[in-house]
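# Structural overview for review
Listed below are the residues making up each chain.
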Amino acid sequence: MRDDAVGEILVQPDELARRVRELGAQISEDYAGRDLLLICVLKGAMFFLADLMRRIDVPCEVDFMAVASYGSATDSSGVVRILKDLDAAIEGREVLIVEDIVDSGLTLHYLLRNLGARNPASMEVCALLTKPERRKVELEPRYVGFEIPNRFVIGYGLDHAERYRNLPFVAALNPAALTADKGD
Ligand code: PRP
């Protein structure tokens, strides 16, 4: 895809594949003998989830949740709205929340509180990307793919205005593309 909005590539397809394989192996080891429920947070995490789940070799199921945070395109406010809830109860289940990115941490903070109140047997987080510099609440996922600098990223599920999720790598968004739609 030739597009001026696509800036520097931060994680190449082969690095993504290698790390997803490692995470799958680690999760399989940690959850050996347990029944795992993956919770995919739509939409961004769907590509990561699909690849990760195929690298997990313990029995596992998947459910989906969609949330939206109020705020601008680049800054979440911490107020989260559930757009789609899980299909099934998670009481007593071994839950692993799969996220594409932890930025301020506010979405995850909300999810941990909301899902924690449903009494799962255990609850951990696997995030492909994390931006520690941006954190507004104290939390660190148990499993992390890559720590990235404080840049707006697109690709491998991550969007800008719903585009670029289909890029096979993670790239920085060219800052000119962000200023171009100020006021949208
Ligand atoms: C992204 C991402 C996380 C959240 C992280 O979702 O998937 O859920 O933002 O930001 P935070 O740590 O600052 O709360 P987004 O709202 O962009 O939705 P999408 O996955 O559907 O693109």
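Located above this text is the structure these notes cover.
Description of the structure in this document. (Residues numbered from 1 in each chain as written. Predicted model: local features only at pLDDT ≥ 70, side-chain atom pairs only at ≥ 80, totals over all residues. Heavy atoms only, no water.)

Close contacts around the ligand come from 15 residues, with Glu-99, Asp-100, Ser-104, Gly-105 and Thr-107 the closest. Note that an oxygen atom of the ligand is positioned 2.5 Å from one of the side-chain N or O atoms of Asp-100. Within the backbone of Gly-105, one N or O atom sits 2.7 Å away from an oxygen atom of the ligand. Contact with the protein chains covers 81% of the free accessible surface of the ligand, which is 500 Å². Among the secondary structure elements, those contributing two or more residues to the shell around the ligand are strand E5 (94–102) and helix H3 (106–116). Looking at the shell around the ligand element by element, the count peaks at four residues for E5. Residue composition of the shell around the ligand, grouped by class: four nonpolar, five polar and six charged. (Near = heavy atom within 4 Å. Polar contact = N/O pair within 3.5 Å; in protein donor to acceptor, adjacent residues only side chain to side chain. Areas by Shrake-Rupley, 256 points an atom, 1.4 Å probe, with all protein chains shown as cover. Helix = DSSP H or I, 4+ residues; strand = E, 2+ residues; numbered from the N terminus. Nonpolar A, V, L, I, M, F, W, Y, C, P; charged D, E, K, R; others polar.)

To continue, consider the sheet that holds strand E8 (residues 153–154). An order of E1-E9-E8 is seen for the three strands of this open sheet, with the pairing classed as antiparallel. Whereas interior strands pair on both sides, the edge strands pair on one side only; in this sheet they are strand E1 (6–11) and E8. Taken together, the two bridges between E8 and strand E9 (residues 170–173) define a ladder with antiparallel strand orientation. Bridging from a neighbouring strand, Val-153 pairs with Ala-172 of E9. (Pairing = 2+ DSSP bridges.)

Let us look at the nonpolar core. It is characteristic of soluble globular proteins that their nonpolar side chains tend to be buried jointly. Among the nonpolar cores identified, the biggest contains 28 residues, and Ile-27, Leu-36, Phe-48, Leu-52, Leu-96, Cys-126 and Leu-129 are the most heavily contacted of them. Where this core is concerned, the elements lending two or more residues are helix H1 (13–30), strand E2 (36–42), helix H2 (46–53), E5, strand E6 (122–130) and strand E7 (143–147). Per-element accounting of this core gives the leading share, four residues, to H1. With residues up to four places along the chain from it excluded, the contact list for Leu-36 reads Ile-27, Tyr-31, Ile-56, Val-58, Pro-59, Cys-60, Glu-61, Arg-93, Glu-94 and Leu-96. Formed by 20 residues, the second largest nonpolar core is a distinct cluster that contains Val-80, Tyr-110, Leu-115 and Val-137. (Core = buried A, V, L, I, M, F, W, Y, C linked by side-chain atoms within 4.5 Å. Buried < 20%, exposed > 50% of the residue type's maximum accessible area, 1.4 Å probe, protein only. Contact = heavy atoms within 4.5 Å.)

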